[in-house]
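# Examining the three-dimensional arrangement
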Amino acid sequence: MKQNIHPKTNLIKVTCACGNTFETLSTAKELKVEVCAACHPFFTGTQRFVDTTGRVDKFNQKLANAKKAAEAVAARKAKKTAPVVEETK
């Protein structure tokens, strides 16, 4: 087996957004997480909504914004290339 090929592991402090901290081994120097066993709904038994809009709603909003942008670009192009009509007397 080859010697000295594995990365060094450190005893690090993991900090959760809820304020809970614990120690573990990792190759990183420090680790910050959003949820842990102390605040995760599965472990606490409480329901919490992290994301108020669903994936489908986000997609539909993104699609609507893209359509508006495409229409604006098309309107600008049409305005630029429209022939100029001069009135003759």
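Residues numbered from 1 in each chain as written. Predicted model: local features only at pLDDT ≥ 70, side-chain atom pairs only at ≥ 80, totals over all residues. Heavy atoms only, no water.

## A short note on the overall build of the protein
This is how the line gets drawn: Helix and strand definitions follow DSSP, with helices as H or I runs of at least four residues and strands as E runs of at least two, each counted in order from the N terminus. Only heavy atoms matter for contacts: two residues are in contact if any of them lie within 4.5 Å across the pair. Here the Shrake-Rupley method, with its probe set to 1.4 Å, supplies the accessible areas, and only the displayed protein chains count as covering residues.
Helix and strand counts for the protein come out as two helices and three strands. Along the protein, from the amino end to the carboxyl end, the secondary structure elements read β-β-β-α-α. Counting only contacts in the protein whose residues sit at least 6 apart along the sequence, the fraction spanning at least 24 positions is 0%. Within the structure as shown, the protein displays about 8700 Å² of accessible surface, and the carbon and sulfur contribution to it stands at 57%.

## Regarding the confidence of the model for the protein
Defined as follows: A residue's pLDDT is the predictor's confidence in that residue, given on a scale from 0 to 100.
On average, the protein scores 84 in pLDDT, and the residues at 70 or more come to 88%. Here helix H1 (residues 41-44) stands out as the element of the protein with the lowest mean pLDDT, 73, in contrast to strand E2 (residues 21-26), whose mean of 94 is the highest.

## Here we look at the pairing of strand E1 (residues 10-16)
The line we're drawing: We treat two strands as partners when DSSP finds at least two bridges between them.
Alignment of E1 against E2, held across six bridges, turns out to be antiparallel. In the strand pairing of E2, Val-14 is matched with Phe-22. Hairpin connection between E1 and E2: a loop of four residues separates the two successive antiparallel strands, and Gly-19 in this loop has a positive phi of roughly 105 degrees. Note that E1 and strand E3 (residues 31-33) share three bridges and pair parallel. Note that in E3 the partner of Cys-16 across the bridge is Val-33.

## What to know about the sheet that holds E3
To keep it simple, the criterion reads: Here, axes are lines fitted to C-alpha atoms. For helices the fit covers the stretch in contact, and angles between N-to-C directions go from 0 to 180 degrees.
Ordered in space as E2-E1-E3, the three strands form an open sheet in which the pairing is mixed. Every other strand in the sheet has two partners, leaving E2 and E3 as the edge strands with one partner each. Each strand of the sheet is rotated relative to its neighbour by a mean of 30 degrees, with strand direction disregarded.

## Some thoughts on the environment of Ala-17
So the rule is basically this: Note on classification: 1.4 Å probe, protein chains only; a residue is buried when its accessible area is under 20% of the maximum for its type, exposed when over 50%, partly exposed between these limits.
Along the chain, Ala-17 turns up in the loop between E1 and E2. Given the relative accessible area of 64%, Ala-17 is considered exposed. For the pair Ala-17 and Val-35, spaced 18 residues apart in sequence, the C-alpha to C-alpha distance is 6.6 Å. Sequence-distant contacts of Ala-17, that is, excluding residues within four places in its chain, are made with Val-33 and Glu-34.

## Digging into the environment of Val-33
Take Val-33: it is sitting in strand E3. Once residues within four sequence positions are removed from consideration, Val-33 is found in contact with Val-14, Thr-15, Cys-16 and Ala-17.

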